[in-house]
Amino acid sequence: MIPFSPPRIDDKIIKEVTVALQSGWITTGPRTKLFEKKIAEYCHVSDVLAVNSWTAGAELLLYWYGIKEGDEVIVPVYTYCATANIVRHRGAKVVMVDVSTDFGIDVSKIEKHITARTKAIIPVDVGGLPIDYAALNALLNKKSVKDLFIAETENQQKLGRILVLSDAAHSFGASYNQKKVGSQADFTVFSFHAVKNLTTAEGGAICINLPKPFENEEIYKILNTLSLHGQNKDALAKTQKGNWEYDVIDAGFKCNMTDILASIGLVELERYETETLPKRKEIFKMYSEGLANFDWAIVPEYHNNMKESSYHLYLLRIKNCSKAQRDLIIQEIFNQDVSVNVHYKPLPLLSYYKSLGYELNDFPIAKELWENEISLPVYYELTDEQINRVIEVVVNAVNKILQ
Ligand SMILES: *Cc1c(COP(=O)(O)O)cnc(C)c1O
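Residues numbered from 1 in each chain as written. Predicted model: local features only at pLDDT ≥ 70, side-chain atom pairs only at ≥ 80, totals over all residues. Heavy atoms only, no water.

## Points about the site of the ligand
Thought 1: Close contacts around the ligand come from 16 residues, with Thr55, Asp167, His170, Ser191 and Lys196 the closest.
Thought 2: In the model, an oxygen atom of the ligand is placed 2.9 Å from a nitrogen or oxygen of the Trp54 main chain.
Thought 3: A distance of 2.7 Å separates an oxygen atom of the ligand from a polar side-chain atom of His170.
Thought 4: Burial of the ligand by the surrounding chains reaches 92%, relative to a free accessible area of 380 Å².
Thought 5: When residues of the shell around the ligand are traced back to their parent elements, those giving at least two are helix 3 (54–64) and helix 4 (81–89).
Thought 6: Grouping the amino acids of the shell around the ligand by side-chain chemistry returns six nonpolar, eight polar and two charged. (Near = heavy atom within 4 Å. Polar contact = N/O pair within 3.5 Å; in protein donor to acceptor, adjacent residues only side chain to side chain. Areas by Shrake-Rupley, 256 points an atom, 1.4 Å probe, with all protein chains shown as cover. Helix = DSSP H or I, 4+ residues; strand = E, 2+ residues; numbered from the N terminus. Nonpolar A, V, L, I, M, F, W, Y, C, P; charged D, E, K, R; others polar.)

See below:
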C-alpha cells in the first residue's frame, strides 16, 4: 500500500528526541525557544511563538483580539473545520465566502460579506499556495471598509480594522512576492501536525507581524503568557533559586509547545529547504508531467510570478466528473493499494455547520471543486517508482470509470 503522507521519522529525529529526553528538561524550554528563533529567521519576521497546535494558537489570537459572541469572522468555505471551529469556540458567527478555482478565498467576493460586526478574517493557503494577500490587504485598508469597523477593545482600537489571521497550516515555506509566508498578514499561524510539510507530531507556530503602534516583541510576551494560563512566570523561570512566586494576569489558555516536540521541529527545519521542499516540488512536477496531457486532468497551479507553493497537497481535479464518479474512481485507486484523499468536504456539508443553516449551493465554485477533486500522496520517502505507479493507477481508474 502506498500511504498518503507518513511523517519522515529517521535516526536523526530519534536521536534528537532522545537527547531532549535525557537533557533533564522536557516541557517548554531552550529547544522551544531556539525553534521559535529559527522559524523567525526562516520567515523573516521578528517574533514567533511556538504552540501545541494550529487550533490552539489561532484561538488564542481570536481571544487576544477580543472576538466574542455577536462578532463575525470571515472564513473560506473550502477548508478544514478547524478554521471555522475556533470562531465558534469564541461564540462568534462564521461568515463563509466562496473560493476561486485555485482553491484560495475569492477576494473579490469578500467585501459584500463585511458588516459592522466583522472583526477578523481567516484566509487559508489551501494546499500550500498563498492566497492573494496584496488584494486582501488593499481591501481591508480601503477607507469605506475601515469606516465600517467598530473597535470595542484596546487592541481593536489600535489596529483600527479587520484583523487578518492567516491559516498557513499548509504553507510553511511557500513564497509570496519573493518572500516566505509569515509576514503577509497580522498573524500567520502554521500547523506542525503529523501530516503537514514540517511536523512536530502535534504543534504550531504564530508569526507576529502587527503594524505600528503595536510592538511585536511586546505582543510576543503577552501571547506567551496567555499560552501558559496567563501566568507571568514559566516553569523554567521558576527553577531559578528562590524564584517561586508568580501571578496570573488573565484566565489564559494552556497551549505551549514542549522541548521534546521542538527537538523534532529543529531537525525538520534544518533540512526543510535542502531536502523536504525540493523533494515535494519534484513529486508535483512528476505528477503534472504524467497527468497534464490527459484531457480529463486539471492539474493544480503551484507556481506563478507572484507565488510559489510549499507543495503540500497535490490537488488533482477530474474534468466532467460527477461526485458519484469521483467516489468510484477513488475506490478503484484504493483497490490498487494507493491511498488518496479529498481536500476538502466544504464546511456546509459537515453536520454541525449544516445544522446552523449553511448551504453548499450558495458556494458554486467550492461545490464544483469538491465534487471532482482527488489529492495524491506526497511525502519525502515516496520513490520515483511509486510516483509512476500512482500516476498509472489514477489513469487506469479514471479510464475505467469515465470510459
Ligand atoms: C491541519 C489544519 C489545521 C489544524 O491544525 P492543527 O495543528 O491540527 O490544529 C487548520 N487549518 C487547516 C487548513 C489544516 O489543514
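## Side note on the domain arrangement of the protein chain
Thought 1: Here the protein chain is partitioned into domain 1 (11–269) and domain 2 (272–402).
Thought 2: Its C-alpha centre places domain 1 at a distance of 27 Å from the equivalent point of domain 2.
Thought 3: Contacts between domain 1 and domain 2 engage 45 residues on the former and 37 residues on the latter.
Thought 4: With both sides pooled, the region where domain 1 packs onto domain 2 buries about 3300 Å², and carbon together with sulfur makes up 61% of that total. (Domains from an automatic or database assignment. Contact = heavy atoms within 4.5 Å. Buried area = accessible area lost by both parts, 1.4 Å probe.)

## Here's the deal with the environment of Ile260
Thought 1: Within the secondary structure, Ile260 sits in helix 10 (residues 259–270).
Thought 2: Since its relative accessible area comes to 23%, Ile260 is described here as partly exposed.
Thought 3: For the pair Ile260 and Ala174, spaced 86 residues apart in the sequence, the C-alpha separation amounts to 26 Å.
Thought 4: Those residues in contact with Ile260 that lie beyond four places of it in its chain are Val17, Ala20, Leu21 and Ile26. (Buried < 20%, exposed > 50% of the residue type's maximum accessible area, 1.4 Å probe, protein only.)

## Describing the pattern of salt bridges
Thought 1: This model, assessed by the stated rule, comprises 28 salt bridges.
Thought 2: Across the pair Asp186 and Arg161 runs a salt bridge whose closest N-O atoms are separated by 2.9 Å. Remark: Arg161 occurs in the loop between helix 7 (154–159) and strand 5 (163–167) and Asp186 occurs in the loop between strand 7 (179–180) and strand 8 (187–191); sequence separation between them is 25 residues.
Thought 3: Residue Asp186 is classed as buried on the basis of its relative accessible area, which comes to 4%. (Salt bridge = Lys/Arg side-chain N within 4 Å of Asp/Glu carboxyl O.)

## Concerning the pairing of strand 9 (residues 204–208)
Thought 1: For strand 9, the buried fraction is high: five of the five residues fall into the buried class.
Thought 2: Alternating positions in strand 9 separate into two faces, Gly204, Ile206 and Ile208 on one and Ala205 and Cys207 on the other, with burial throughout.
Thought 3: Examined bridge by bridge, strand 1 (residues 47–51) and strand 9 share five bridges and lie antiparallel to one another. What sits directly across from Asp47, in strand 9, is Ile208.
Thought 4: The sheet contact formed by strand 8 and strand 9 spans five bridges and is antiparallel. Residue pairing in the sheet places Ser191 in a bridge with Gly204 of strand 9. (Pairing = 2+ DSSP bridges.)

## Focus on the nonpolar core
In globular proteins that are soluble, nonpolar side chains generally tend to be buried together.
Thought 1: If you look at the biggest cluster of nonpolar residues, it comprises 76 residues, and the most contacted ones within it are Ile110 and Phe187.
Thought 2: Here the element with the most residues in this core is helix 3; it accounts for seven residues.
Thought 3: Counting only domains with at least three residues in this core, you end up with domain 1 (11–269) and domain 2 (272–402).
Thought 4: When sequence neighbours within four positions are dropped, the list of residues in contact with Ile110 reads Ile74, Val97, Ile105, Ile121, Leu136 and Leu139.
Thought 5: Among the nonpolar cores identified, the runner-up in size contains 33 residues, and Met286, Ile318, Ile329 and Val395 belong to it. (Core = buried A, V, L, I, M, F, W, Y, C linked by side-chain atoms within 4.5 Å.)

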